[in-house]
Amino acid sequence: LRVSGSISRFPLIPVRGVPLMCSIANNWDTIWAFCPDPSDLLIAAYPKAGTTWTQEIVDLLLHNGDAEACKRAPTPVRSPFLEMFSPPPTSSGLDYLKNTDPPRIIKTHLPFQLVPTRFWENRCKVIYVSRNAKDNLVSYFHFDCMNKAQPEPGPWEGYISKFMHGELSWGSWYDHVKGYWAEREKRNILYLFYEDMKENPRREVERIMRYLDLSVSDEVISRIVELTSFKNMKENPMTNYSCVPPPVFDQSISPFMRKGEVGDWRNHFTPEQSKMFDEDYEKQMKGVNIPFRDLI
Ligand code: A3P
């Protein structure tokens, strides 16, 4: 990604039917061949579902709530983004992984079927974070406006349609959440909901702690909840993505830590758009019962 002057938004190229940024698609064989250590943890999510929040909670849990230790580097260095390929001089996810000893906290937005199989063969722990479709869509729309590496979002109405048709980067939200849901028991995946994290962050931090076989004191849990509040993560230069230069992330258009709320979709969807979306949602989610909520 050249950061001087204007940068070009990456077109999408399908990989096994899933549209991915061309920088990812063009390096697919290398990504697919990645072999994690059995001690590595994978945090998977559809883009804008709460990945960064979960990465921070996990890093703090692994460092017993030590805020300074977790300010050692920005999120993408502490928790590399598996499939992200950026032309030099910017480092790619695999470069960071090469330079970090296991156990590592690895981030991915890949749908279940595109996660390198060695994660499963090595029985890595996997945390999946999901978020209700409409808030996820709204967050993604604002992100695509400010992230100059992503394809142009275009107007709002058309963006809803692209989301419904699985035409955005990393493909269909519906397939993504269903794919991990179907495998969660067999693969021992911890399946989290953004809305649960907002409703009772302490409960969800404890859930993550147990899944990781960690045991930290009540006081440390309280500190982690505080350090990972929306407000604190927005102000923390190591979590707010101010590490990505403005020609790529133009946070004057929309901050990475934008709103952090449940139900913001009500400020964006018209009643007609909401009805049309809900009708299609029923069809796409037929037969699966993932307990999504958009009210808490
Ligand atoms: P909004 O755009 O709705 O504000 P991801 O990390 O997967 O890219 O997700 C980003 C979304 O999670 C953004 O949503 C961001 O504000 C929100 N987020 C990040 N940290 C958060 C926190 N500590 N509490 C609540 N929401 C958070």
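Draft legend 1. The arrangement of the overall build of the chain in detail. When you go through the chain residue by residue, the secondary structure sums to 14 helices and six strands. In terms of C-alpha radius of gyration, the chain reaches 18 Å, essentially the compact-globule figure of 19 Å for 296 residues. Seen through its principal axes, the chain has C-alpha atoms that stretch 50 × 45 × 40 Å. Across the 296 residues that make up the chain, the buried fraction comes to 54%. Taking the contacts inside the chain whose residues are at least 6 apart along the sequence as the reference set, 74% of them involve residues at least 24 apart. A distance of 1 Å separates the average location of the 36 positive side-chain charges in the chain from that of its 38 negative side-chain charges.

Draft legend 2. Expanded view of the state of the cysteines. Taken as a whole, this structure holds zero disulfides when the rule is applied. A disulfide-free cysteine, Cys70 has its sulfur positioned 15 Å from the sulfur of Cys243, the nearest such atom. Owing to a relative accessible area of 1%, Cys70 belongs among the buried residues under this scheme. Lacking any disulfide linkage, Cys124 is separated from the closest cysteine sulfur, that of Cys35, by 8.2 Å. The class for Cys124 is buried, based on a relative accessible area of 4%.

Draft legend 3. Broad picture of the layout of surface pockets. Computed from the structure, the second largest pocket encloses a volume of approximately 270 Å³. Forming the walls of the second largest pocket are 16 residues, and the residues nearest its centre are Tyr281, Glu282, Met285, Ile290 and Phe292. Looking at the lining of the second largest pocket, the elements with two or more residues in it are helix H7 (133–146) and helix H14 (271–284). A total of four residues in the lining of the second largest pocket trace back to one element, the largest contributor, which is H14. In the lining of the second largest pocket, the residues fall into seven nonpolar, three polar and six charged.

Draft legend 4. The packing of helix H11 (residues 201–211) against helix H12 (residues 218–227), seen in detail. Packing of H11 against H12 brings their axes to within 10 Å, and their N-to-C directions diverge by 115 degrees. Once H11 is placed against H12, the crossing between them reads as right-handed. Note on element contacts: H12 touches H11 through Asp218, Ile221, Ser222, Ile224 and Val225, opposite Pro201, Arg202, Val205, Glu206 and Met209. Counted by class, the contact of H11 with H12 contains six nonpolar, one polar and three charged residues.

Draft legend 5. Structural view of the confidence of the model for the chain. Per-residue pLDDT for the chain has a mean of 96; in total, 98% of the residues score no lower than 70. This model gives residues 1–5 a pLDDT under 50, and the stretch forms twelve contacts once residues within four places in sequence are excluded.

Draft legend 6. Looking closely at the site of the ligand. In the vicinity of the ligand there are 18 residues, among which Thr51, Thr52, Ser139, Lys259 and Gly260 approach most closely. Within the side chain of Lys48, one N or O atom sits 2.9 Å away from an oxygen atom of the ligand. Arg131 places a side-chain nitrogen or oxygen 2.9 Å from an oxygen atom of the ligand. When residues of the shell around the ligand are traced back to their parent elements, those giving at least two are helix H3 (51–62) and helix H13 (230–235). Of the residues that constitute the shell around the ligand, the class distribution is seven nonpolar, seven polar and four charged.

Draft legend 7. Representation of the pattern of salt bridges in the model. One pass over the structure, following the stated rule, counts 23 salt bridges. Arg187 is the salt-bridge partner of Glu183, the closest N and O atoms lying 3.2 Å from each other. The class for Arg187 is partly exposed, based on a relative accessible area of 26%. Where salt bridges share partners, they join Asp196, Glu199, Arg203, Glu204, Arg207 and Arg293 into one cluster.

Draft legend 8. The nonpolar core, seen in detail. Judged by nonpolar contacts, the single largest core of 93 residues is most densely connected at Trp173 and Phe277. Ranked by residue count, the leading element in this core is H7, at seven residues. Contact partners of Trp173, with chain neighbours within four places excluded, come to Tyr46, Arg131, Asn132, Ala133, Asn136, Phe163, Tyr281, Met285 and Phe292.

Rules of the game
- Residues numbered from 1 in each chain as written.
- Predicted model: local features only at pLDDT ≥ 70, side-chain atom pairs only at ≥ 80, totals over all residues.
- Heavy atoms only, no water.
- Helix = DSSP H or I, 4+ residues; strand = E, 2+ residues; numbered from the N terminus.
- Rg over C-alpha atoms; globule rule 2.2 N^0.38 Å.
- Buried < 20%, exposed > 50% of the residue type's maximum accessible area, 1.4 Å probe, protein only.
- Contact = heavy atoms within 4.5 Å.
- Lys, Arg positive; Asp, Glu negative; His and termini not counted.
- Charge placed at Lys NZ, Arg CZ, Asp CG, Glu CD.
- Disulfide = S-S within 2.5 Å.
- 1 Å grid on protein atoms, 1.4 Å probe; cavity = no way out; pocket = protein on both sides within 12 Å on 5 of 7 lines; lining within 4 Å.
- Points joined across faces, edges and corners; volume = space filled by probe spheres on them.
- Nonpolar A, V, L, I, M, F, W, Y, C, P; charged D, E, K, R; others polar.
- Axes fitted to C-alpha atoms, helices over the stretch in contact; angles between N-to-C directions.
- Left-handed = near helix turned anticlockwise from the far one by under 90°.
- pLDDT = per-residue confidence, 0-100.
- Near = heavy atom within 4 Å.
- Polar contact = N/O pair within 3.5 Å; in protein donor to acceptor, adjacent residues only side chain to side chain.
- Salt bridge = Lys/Arg side-chain N within 4 Å of Asp/Glu carboxyl O.
- Core = buried A, V, L, I, M, F, W, Y, C linked by side-chain atoms within 4.5 Å.

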